[in-house]
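Chain by chain, the residues:
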Amino acid sequence: MASILPNTQNTVGEKRPNEASVNTVDKIPTTAQATESDKVEDNSIDTEFLIVGAGPAGAALACFLGSHGLKGIMISSAPGTANTPRAHITNMAALECLRDIGLYEELQKLGSTGEDHMQHTRWCHSMAGEEYARIHSWGNDPRRKGDYELASPCEPFDLPQTVMEPVLVRHAALKGFKCRFDTTLVSFNENPGLITATIRDEISKKEYYIRTKYLLGADGARSQVVKQLNLPLAVLPGQGMAINVLVRTDLSHLVKNRTGNLHWVMQPDREHPNFGWMGIVRMVNPWNEWMFILFPDRSYDRSQGQPSIEEYRKRVQEFIGDDTPAEILNISTWYINEIVAEKYSEGNIFCLGDAVHRHPPLNGLGSNTCIQDAFNLAWKLAYVHKGLASPSLLSTYSSERQPVGHSIITRANQAYRDHFHVWEALGMLPTDLAERKQILEELRSATPQGSNRRRSLRAAIKHTSHEFHGLGIEMNQHYQGQGIYTADEPHPYDQSGRVSEDKVLHHEPSTYPGSRLPHVWLNKATPEEAISTIDIAGHGVFTIFTGIGGRGWKEAAGAVAEKLNVPIRACSIGFRQDWEDVYFEWESVRGVEESGAVLVRPDRFVAWRASEALQDCEACEGKLLMVMRSILGF
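Analysis parameters
Numbering of residues starts from 1 in every chain and runs along the sequence as written. Restriction of local features to residues with pLDDT of at least 70 applies here, the model being predicted, together with a cutoff of 80 or more for giving and counting side-chain atom pairs; totals for whole chains, interfaces and linings are based on all residues. Each side-chain value is derived from all of the structure's non-hydrogen atoms; neither hydrogens nor water enter the calculation. Labels follow the DSSP assignment, with helices taken as runs of H or I lasting at least four residues and strands as runs of E lasting at least two, numbered in each case from the N terminus. Just to be clear, the radius of gyration here is over C-alpha atoms, and the globule rule we use is 2.2 Å times residues to the power 0.38. Here, two residues are considered to be in contact whenever any of their heavy atoms come within 4.5 Å of each other. Here the Shrake-Rupley method, with its probe set to 1.4 Å, supplies the accessible areas, and only the displayed protein chains count as covering residues. Lys and Arg are tallied as positive, Asp and Glu as negative. Neither His nor the chain termini are counted. Each charge is placed at NZ for Lys, CZ for Arg, CG for Asp and CD for Glu. For each residue, the accessible area found with a 1.4 Å probe, counting protein chains only, is set against the maximum for its type, and the residue is called buried under 20%, exposed over 50%, and partly exposed in between. Only when DSSP finds a minimum of two bridges between them are two strands counted as paired. Each salt bridge in this description consists of a side-chain nitrogen of Lys or Arg and a carboxyl oxygen of Asp or Glu lying within 4 Å of one another. These domain boundaries are the output of an automatic or database domain assignment. The buried area of a pairing is the accessible area, by a 1.4 Å probe, that goes missing from both parts when the two are put together, added over both. In protein, a polar contact means a hydrogen-donor-capable atom and an acceptor-capable atom, both N or O and within 3.5 Å, with residues adjacent in sequence counting only if both atoms are side-chain atoms; elsewhere, any N or O pair within 3.5 Å suffices. All residues other than Ala, Val, Leu, Ile, Met, Phe, Trp, Tyr, Cys, Pro, Asp, Glu, Lys and Arg, Gly among them, are scored as polar; the first ten of these are nonpolar and the last four charged.

A word on the overall build of the protein chain
Turning to step 1, where the next piece is worked out: When you go through the protein chain residue by residue, the secondary structure sums to 20 helices and 29 strands.
Turning to step 2, where the next piece is worked out: Relative to the 2.2 N^0.38 estimate, which gives 26 Å for 634 residues, the radius of gyration of the protein chain is 26 Å and therefore close to what a compact globule would have.
Turning to step 3, where the next piece is worked out: When contacts within the protein chain are restricted to residue pairs at least 6 apart in sequence, long-range pairs at least 24 apart make up 74% of them.
Turning to step 4, where the next piece is worked out: If you sum the accessible surface of the protein chain, you get close to 25500 Å²; carbon and sulfur atoms cover 49% of it.
Turning to step 5, where the next piece is worked out: Distance from the positive charge centre (64 side chains) to the negative charge centre (78 side chains) of the protein chain: 2 Å.

Written out as structure tokens, the structure is:
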């Protein structure tokens with residue numbers, strides 16, 4: 001279902017920006033290209049927003065800022081969009097952000113979804129060989145499907161970064177952001193209200209300057225912006241390195257009974273090269289392009305020489321397990337980091353994505369968190385830039401997103417550590433081949449030792465559900481601070497239900513301020529196409545949800561929108577209201593009485609709620625005005 005803009009009659013004080021179309025991808029600015037917001041004079045360009053980095057974080061931020069009618073420049077030191085499919089799992093929390101600007105359906109068509117491609121994660125001797133275990137993944141467990149469907153109108157899918165990035169960059173360009181590749185941020189300096197960045201064009205090697213009000217660092221793990229700002233980083237010991245080998249090979253003859261996008265390959269009964277102790281065979285393009293992710297053993301030392309292409313090809317062939325031809329397309333290395341910045345911003349310089357949180361790809365949290373960082377930051381920048389909010393609102397970006405970054409780097413690294421239990425049960429850890437063979441044989445034996453080892457394997461595999469069905473870590477983000485108003489809540493925030501049992505696995509929808517707006521399908525009294533609460537909210541405006549008896553809140557929304565010049569959409573849900581609660585789901589999650597109100601921010605997080613209507617419209621208006629001023633920093 002595409003993003004649906006709510007009826008305009010329910011929108012109060014909303015201003016829709018004019019859409020702009022621009023030419024894209026230039027190397028060096030010229031006077032002929034200058035617009036009112038991008039002026040070239042004295043080898044300098046003026047722009048309101050300068051984004052450094054055009055990966056998922058930077059390109060998504062440009063898209064979101066563009067949706068607010070804002071323009072700027074995005075630069076990238078890379079020669080183009082991603083040349084290897086690094087990130088791939090795209091979760092519902094990120095997709096709801098992209099749905100807000102109308103990209104969900106386009107990306108969904110490009111991705112691989114559901115049971116056809118993502119049904120399982122497997123552990124096996126080779127792709128063609130014996131299997132040790134498998135587990136349902138990414139919402140495809142019959143016991144978990146309902147949890148995923150209730151959590152969001154989106155469904156997760158597998159979309160390689162090589163496919164996503166061009167879509168985001170193109171959309172950003174169409175919305176008014178000029179994108180320059182082969183362009184490096186050399187340094188920057190700050191003056192009151194102005195940041196001057198020194199930029200180098202990597203083709204001509206010429207330098208020029210960009211003057212900007214906001215500098216946005218989305219320049220990845222080696223971020224120049226983070227480095228020059230000297231943002232404090234919390235760094236835990238790394239867990240080694242991994243080698244990505246991108247391979248073109250047609251494995252379609254193997255996947256019919258092995259459906260899945262992740263396949264752990266372990267061969268404890270064989271000797272192995274030190275650069276490829278074990279690995280993951282990851283689907284990139286079903287079923288003829290794969291990433292073979294190799295994990296070296298402790299004896300591997302890169303400084304003593306790199307494996308040859310033939311050595312890599314031999315290891316790839318061993319992982320495939322039959323004589324299927326394989327062509328190596330690319331080889332790259334990465335490190336298993338556990339690093340998060342202790343703050344994400346300073347003044348009018350904001351950092352996001354891998355620049356501020358670095359971790360392994362387990363749980364599929366990387367690009368998804370980057371996109372959500374951008375969505376959180378974009379509406380705040382837009383509101384402050386347009387004078388709709390105080391600059392103090394921008395401080396909430398770091399205070400809201402940094403705890404999220406800390407939680408995801410912790411979870412991703414714990415997911416990696418959890419696999420040690422699988423490796424131990426399968427006999428991968430001893431260095432002696434004979435000992436490894438004995439453990440593998442023990443798994444087959446009708447002995448107490450064999451029974452215990454099989455029990456350990458089952459427990460270890462089952463526990464990986466925290467990685468492959470971590471709905472809670474994806475959806476349970478909770479914000480506090482100025483951007484959330486909790487003074488009317490009788491009790492502190494407390495996660496209940498299944499979340500209290502396991503906050504990684506389970507998501508509990510809630511309208512407690514600071515929580516993600518719950519997804520509920522709604523319709524009209526005379527049924528039309530269903531619409532999600534997610535699609536009613538967002539789109540750059542505040543939204544008030546109320547119900548029967550909540551007329552005062554709707555009138556208050558109009559009055560407050562006019563006084564503050566801030567767009568506020570109001571709608572009522574209930575019997576013969578603007579929207580019908582056809583499954584009575586909203587009633588079960590709204591957390592307030594029928595006449596109460598739930599105020600939702602442009603990023604679809606609940607900002608405040610009132611349990612019921614106040615005595616009259618004037619009282620409702622006064623309360624809403626106070627809440628909005630508090631959130632916006634006035």
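Re the pairing of strand β16 (residues 262-265)
Turning to step 1, where the next piece is worked out: In β16, alternate side chains face the same way, and those of L262 and W264 on one face and H263 and V265 on the other are all buried.
Turning to step 2, where the next piece is worked out: The sheet contact formed by strand β7 (residues 120-124) and β16 spans four bridges and is parallel. Its bridge partner being in β16, R122 is matched across the sheet by H263.
Turning to step 3, where the next piece is worked out: Across four bridges, the pairing between β16 and strand β17 (residues 278-285) is antiparallel.

Considering the sheet that holds strand β6 (residues 112-113)
Turning to step 1, where the next piece is worked out: Taken in spatial order, the three strands of this open sheet run β5-β9-β6, and their pairing is antiparallel. Two strands close off the open sheet at either side, each with one partner strand: β5 (89-90) and β6.
Turning to step 2, where the next piece is worked out: Bridge analysis of β5 against strand β9 (residues 157-158) gives two bridges, and the strand direction is antiparallel. Each residue of the ladder has a partner; that of I89, found in β9, is D158.

Section: unusual backbone geometry
Turning to step 1, where the next piece is worked out: That bond from P286 to W287 is cis: its omega, -10 degrees, falls within 30 degrees of zero.
Turning to step 2, where the next piece is worked out: You can see W287 is positioned in the loop between β17 and β18 (289-295).
Turning to step 3, where the next piece is worked out: Of note, D182 is a non-glycine position whose phi angle comes to about 50 degrees, a positive value.
Turning to step 4, where the next piece is worked out: Following the sequence through the fold, D182 ends up in the loop between β10 (177-180) and β11 (183-191).
Turning to step 5, where the next piece is worked out: For D182, a relative accessible area of 18% translates into the label buried.
Turning to step 6, where the next piece is worked out: Although it is not a glycine, K205 adopts a positive phi angle of roughly 65 degrees.

Details of the pattern of salt bridges
Turning to step 1, where the next piece is worked out: Considering all chains together, one arrives at 32 salt bridges under this definition.
Turning to step 2, where the next piece is worked out: A salt bridge links R498 to D147, with the nearest nitrogen and oxygen atoms 2.9 Å apart. Remark: D147 occurs in helix α5 (residues 145-151) and R498 occurs in helix α16 (residues 498-501); sequence separation between them is 351 residues.
Turning to step 3, where the next piece is worked out: Exposure remark for D147: the relative accessible area of 16% places this residue in the buried category.
Turning to step 4, where the next piece is worked out: Across the salt bridge formed by R200 and E202, the nearest N and O atoms sit 3.1 Å from each other.
Turning to step 5, where the next piece is worked out: With a relative accessible area of 26%, R200 lands in the partly exposed category.

A short note on the domain arrangement of the protein chain
Turning to step 1, where the next piece is worked out: Examined at the domain level, the protein chain breaks down into domain 1 (44-112 + 159-233 + 341-403) and domain 2 (509-632).
Turning to step 2, where the next piece is worked out: Counting residues at the interface gives 17 residues for domain 1 and 19 residues for domain 2.
Turning to step 3, where the next piece is worked out: Buried surface at the junction of domain 1 and domain 2, both sides included, amounts to about 1400 Å², of which 49% is carbon and sulfur.
Turning to step 4, where the next piece is worked out: For the salt bridge of R601 with E400, the shortest nitrogen-to-oxygen distance reads 2.8 Å.
Turning to step 5, where the next piece is worked out: Inspection of the domain 1/domain 2 interface yields eight residue pairs in polar contact (both at pLDDT 80 or more).
Turning to step 6, where the next piece is worked out: Residue assignment for the side of domain 1 that touches domain 2 shows that the elements contributing at least two residues are α2 (92-100) and α10 (366-385).
Turning to step 7, where the next piece is worked out: It is α10 that provides the largest number of residues to the side of domain 1 that touches domain 2, a total of six residues.
Turning to step 8, where the next piece is worked out: Across the side of domain 1 that touches domain 2, the residue classes tally to eight nonpolar, four polar and five charged.

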